[in-house]
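Structural description and commentary
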Amino acid sequence: MISESDVAGWVGRIAADSTRGRNTPSPELDRVAQVVAAEFSRLGLHGDRAGLVQRYRLQTRRVLTARSSVEWRRGGVELGRTPFGPLVGFAQGTVPSAPLGGPVVLLGGAIDPLAIPADRIRGRIVVWAADFSPAGAAKADGISATLVAGAPSGVIIVPEDDGMVGGLVAGGSADRVAPPVPGLVFTALAASERAIGVTAPWLAAAIRASRREKKLVFDSTGVDAVITMPDSALGTTGPSAPNVFGIRRGDDPKLRDQYVIVSAHMDHLGVVAGPDSIMNGADDNASGTAGVILLAKALSQPGFRLSRSVIFLLVSGEEKGLWGSAYFTAHPPVPLDRVAALVNMDMIGRGWRDTVGVIGREFSRLGTILDSVAAHHRDLKVLPIGDVWPDQKRFFRSDHYSFARRGVPSLFLSSGYSPDYHEPSDSPDKIDAEKEARLLRLVAHFVIELANREGTFR
Ligand SMILES: [Zn+2]
């Protein structure tokens, strides 16, 4: 079915130096998309009227720093206004089209992502007393993902060290490429304690005090904030980026208008400074890209039956903030309420040889179905386990989340982080193709089960 040499071949091709890290957008990413589309059409898969490649336009935009500020209010009365500057500014995420407001909550102390009361984040402006020391930084991604999932109105990151603010603000203030549909619904500013102290001394004092706490601080401050941050487009047309999808039509007239989607992101981080400058992204995520292609090939063979239709999907812009999957779910080729299940794969080529991490079990029946499929295929020697990175909040950090938040039952498969995660050393020679081939054979049986089983998977 799917062999070790198939995996090694496709990973090697997608993560080759010649694809220069598959940045979104880049000509090399476009080339990879063309290669995938050609393979899908060779396999007899079809797209929609526009074909197998869906493109989304990107715009270059600039935040108007001189007109931007955070206003602090109590009971409608302005207490002070912190202007943007070198130590206060846009850091990442979505630039809002209108001012953002909400009650201010202070997040600080010893922050465990799992202890944050996620149900009390929505609509708030979260002031995060962030710890980017090596010990704290290990939790930062999990904390961000928890905040993303809680849908705050905005987040103001306040690192202990002013130098760090400079870095975060510089990244955000540069002209940036923005997608038409925001990926992560998250607006983050960065600000120094010192700059906040000038106009909101009581808040700066509370931030400082929270850093000495040995437990989680999640306090409402009794104050509201309004973030005003206009930006403008530099020109009306910008570059664009591709998603590729191919549909394998179902064989059952009653079920073929329902879909199972198998997805992975094909983009990575491009080229960085340094001697080994190309970010090959072999595990992240040429491994998943190869997986989707090989599953498409395996499941397009004549002779076996799939009742539902299956969509093989490769998105871009994941590393920038789930851009491609956000666009695809906003402009799906088939109605999303007909998508019975989505299985996403990200980083499946390294790590344990005999298990696979399964994330999102608590949100649908898909995890249990995968367990029963694996129990029928013990010869593959891959045991689905749970989420062994709960504090990383990984369910909210890859493309399945774009689908899950629109109600599609979604499951995320990953073998976890390698020592070369987001380093130029994530290269094809380190992929365990034998293990990945066995894992993909299990996923193939899983997708067949999802395509054929009656009922819903909620
Ligand atoms: Zn990834």
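This part is about unusual backbone geometry. Look at the link from Thr24 to Pro25: it is a cis peptide, with omega at -5 degrees. Along the chain, Pro25 falls in the loop between helix H1 (4-14) and helix H2 (27-42). Cis peptide bonds are those with omega within 30 degrees of zero, and the linkage from Asp284 to Asn285 qualifies with 5 degrees. The topology assignment puts Asn285 in helix H7 (residues 282-300). Non-glycine residue Ala151 carries a positive phi angle of around 55 degrees. Relative to the elements of secondary structure, Ala151 occurs in the loop between helix H3 (134-150) and strand S8 (154-159). Here Ala151 falls in the partly exposed class, since 14 other C-beta atoms lie within 10 Å of it. Notably, Lys393 is not glycine yet its phi reads approximately 50 degrees, a positive angle.

All right, on to the domain arrangement of the protein chain then. Each assigned domain of the protein chain is listed here: domain 1 (4-58 + 239-452) and domain 2 (61-233). Computed from C-alpha coordinates alone, the two centres of domain 1 and domain 2 are separated by 33 Å. Taken together, the 17 residues of domain 1 in the interface contact 18 residues of domain 2. The set of elements that each furnish at least two residues to the side of domain 1 that touches domain 2 consists of strand S1 (53-57), helix H8 (318-321) and helix H9 (323-330). Considering each element in turn, the side of domain 1 that touches domain 2 owes the most residues, 4 residues, to H9.

Conventions adopted
- Residues numbered from 1 in each chain as written.
- Predicted model: local features only at pLDDT ≥ 70, side-chain atom pairs only at ≥ 80, totals over all residues.
- Helix = DSSP H or I, 4+ residues; strand = E, 2+ residues; numbered from the N terminus.
- Buried ≥ 20, exposed ≤ 12 C-beta atoms within 10 Å, placed from the backbone.
- Domains from an automatic or database assignment.
- Contact = placed C-beta atoms within 7 Å.

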